[in-house]
Amino acid sequence: MKRAGCLLLAVAPVATIAVFLLTPAHDGKGSHRSSASQPSEADAKAAEAAKASAEKKADDEAVADLPPGLAAPAKKELAQEILASAENSTLDWRGQYGYIEDIGDGQGYTAGIVGFCTGTHDLLTLVEQYTKAHPDNGLAPYLPALRKVDGTGSHQGLDPGFSTAWKKEAADPAFRAAQNSERDRVYFDPAVRLAKLDGLGTLGQFIYYDAMVLHGPGTDPSGFYGLRESAIEEADTPAQGGKEKAYLDIFLDVRRKAMKAKNPNRDTTRIDTAQRQFLYDGNLDLRTPLVWKVYGETFRAP
């Protein structure tokens with residue numbers, strides 16, 4: 001991933017508290033209300049949690065009734081190929097489990113099938129979760145160093161052996177499965193779910209997924225959720241009554257602007273000659289065959 005006062009209360013004297021608790025509350029209209037009838041903070045939190053749970057359940061049911069879209073096996077395979085063309089200049093995404101290098105973006109090492117980074121917490125989380133299930137793995141000794149460099153571009157404590165250990169561990173099917181699982185949990189599943197709730201088709205679901213990977217699942221202005229909010233300020237999603245193509249065009253504009261804000265010279269062909277080309281072709285279902293360009297190189301999915 002290449003990617004976010006305390007209120008002091010005076011303590012009343014015990015006698016004052018006692019008087020307050022024993023005095024009926026007055027509503028200003030001649031009637032009295034017991035203080036016990038007022039909802040407590042715990043009650044309010046419980047009500048809020050219940051509401052959130054009900055909303056999530058309703059969303060889950062709505063998503064379950066929709067077509068699989070990008071989550072269909074063939075489309076998910078295609079999504080990984082398009083992503084790999086932008087992340088690693090190849091369609092062979094399964095060959096990237098052992099990929100690792102510092103690409104000079106200030107995020108430390110970038111590694112694996114979605115570019116987990118030592119500086120953006122997702123690589124640390126991956127190794128922590130993997131180590132819980134496989135304590136004796138070759139990356140476990142680097143956990144103290146990974147925790148120290150998290151949030152920075154530093155290699156302190158990782159060199160010279162971490163890259164070699166990553167590549168070696170990537171030969172283990174268990175570590176490859178762990179990368180798949182973390183990819184789905186952090187990036188793919190949340191992106192596809194939200195895209196469906198926004199009324200987007202398969203292409204829109206991929207655009208959300210690619211944005212989640214590239215920008216990270218942050219709520220700050222440069223994170224995925226922040227970018228989505230910025231797009232919604234300019235155009236309604238299909239679920240809000242807007243036109244799908246118009247909304248996605250705005251979303252890609254917002255993404256491109258965010259990429260250039262970090263680096264004016266940054267290549268944006270993953271948007272310009274890939275995703276936007278699919279959009280302008282009217283291919284909202286991401287039908288194959290597909291032809292696109294990234295970094296000037298042409299890719300084809302039959």
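This is a predicted model, so every value here is computed, not measured.

Draft legend 1. Molecular detail of the nonpolar core. Counting 73 residues, the largest nonpolar core has F162, W166, Y208, Y209, Y247, L286 and W292 as the members making the most contacts within it. With sequence-adjacent residues up to four places away left out, L286 is seen in contact with L70, K75, L78, I82, T202, L203, F206 and F278.

Draft legend 2. Spatial organisation of the environment of D60. Within the secondary structure layout, D60 lies in helix α2 (residues 41–64). Taking the relative accessible area as the measure of exposure, D60 reaches 30% and is therefore partly exposed. Counting along the chain gives 133 residues from D60 to R193, while the straight-line C-alpha distance between them is 8.5 Å. A polar contact of 2.7 Å, which involves the side chain of D60, links it to the side chain of R193.

Draft legend 3. Fine view of the environment of R270. Along the chain, the position of R270 falls in helix α11 (residues 269–280). Here R270 falls in the buried class, since its relative accessible area comes to 5%. Sequence separation between R270 and R256 is 14 residues; the distance between their C-alpha atoms is 9.6 Å. Reaching out from R270, the side chain makes a polar contact with the side chain of E87 at a distance of 3.1 Å. Polar side-chain contacts of R270 include one of 2.7 Å to the side chain of D210.

Draft legend 4. Quick peek at helix α3 (residues 73–88). Between its first and last C-alpha atoms α3 spans 22 Å; for 16 residues at 1.5 Å apiece the expected length is 22 Å, and the two agree. Considering only its buried residues, α3 is in contact with α7 (173–197), α8 (202–215), α11, β6 (290–294) and β7 (297–301). The first or second residue beyond α3 is S89, which carries a positive phi of 55 degrees.

Draft legend 5. Representation of unusual backbone geometry within the structure. Put simply, D159 and P160 share a cis peptide bond, and its omega is 5 degrees. As for its placement among the helices and strands, P160 is situated in the loop between α5 (143–149) and α6 (162–169). In the segment running from T288 into P289, the intervening peptide bond is cis, with an omega of 5 degrees. Relative to the elements of secondary structure, P289 occurs in the loop between α11 and β6.

Draft legend 6. A look at helix α9 (residues 224–234). Within α9 the residues assigned to the buried category are F224, G226, L227, R228, A231 and I232. Looking at the buried residues of α9, the elements they touch are α7, α8 and α10 (244–262).

Draft legend 7. Quick peek at the pattern of salt bridges. For the coordinates displayed, the defined rule picks out 16 salt bridges. One salt bridge in this structure joins R183 and D184, with 2.9 Å as the shortest N-O distance. Exposure class is identical for R183 and D184. Each is buried. Note that D272 and R256 form a salt bridge whose closest N and O atoms lie 2.9 Å from each other. Of this pair, D272 sits in helix α11 while R256 is found in helix α10, placing the two residues 16 residues apart along the sequence. Given a relative accessible area of 26%, D272 falls into the partly exposed group.

Draft legend 8. Region of interest: the environment of S222. Counting through the fold element by element, S222 comes out in the loop between α8 and α9. By relative accessible area, S222 is classed as partly exposed at 27%. Separated by 33 residues in sequence, S222 and R255 place their C-alpha atoms 8.4 Å apart. Apart from the residues lying within four places of it in its own chain, the contact partners of S222 are H215, L227 and K262. Only 2.6 Å separates the side chain of S222 from the side chain of D220, close enough to count as a polar contact.

Thresholds applied
- Residues numbered from 1 in each chain as written.
- Predicted model: local features only at pLDDT ≥ 70, side-chain atom pairs only at ≥ 80, totals over all residues.
- Heavy atoms only, no water.
- Core = buried A, V, L, I, M, F, W, Y, C linked by side-chain atoms within 4.5 Å.
- Buried < 20%, exposed > 50% of the residue type's maximum accessible area, 1.4 Å probe, protein only.
- Contact = heavy atoms within 4.5 Å.
- Helix = DSSP H or I, 4+ residues; strand = E, 2+ residues; numbered from the N terminus.
- Polar contact = N/O pair within 3.5 Å; in protein donor to acceptor, adjacent residues only side chain to side chain.
- Expected span 1.5 Å × (residues − 1).
- Salt bridge = Lys/Arg side-chain N within 4 Å of Asp/Glu carboxyl O.

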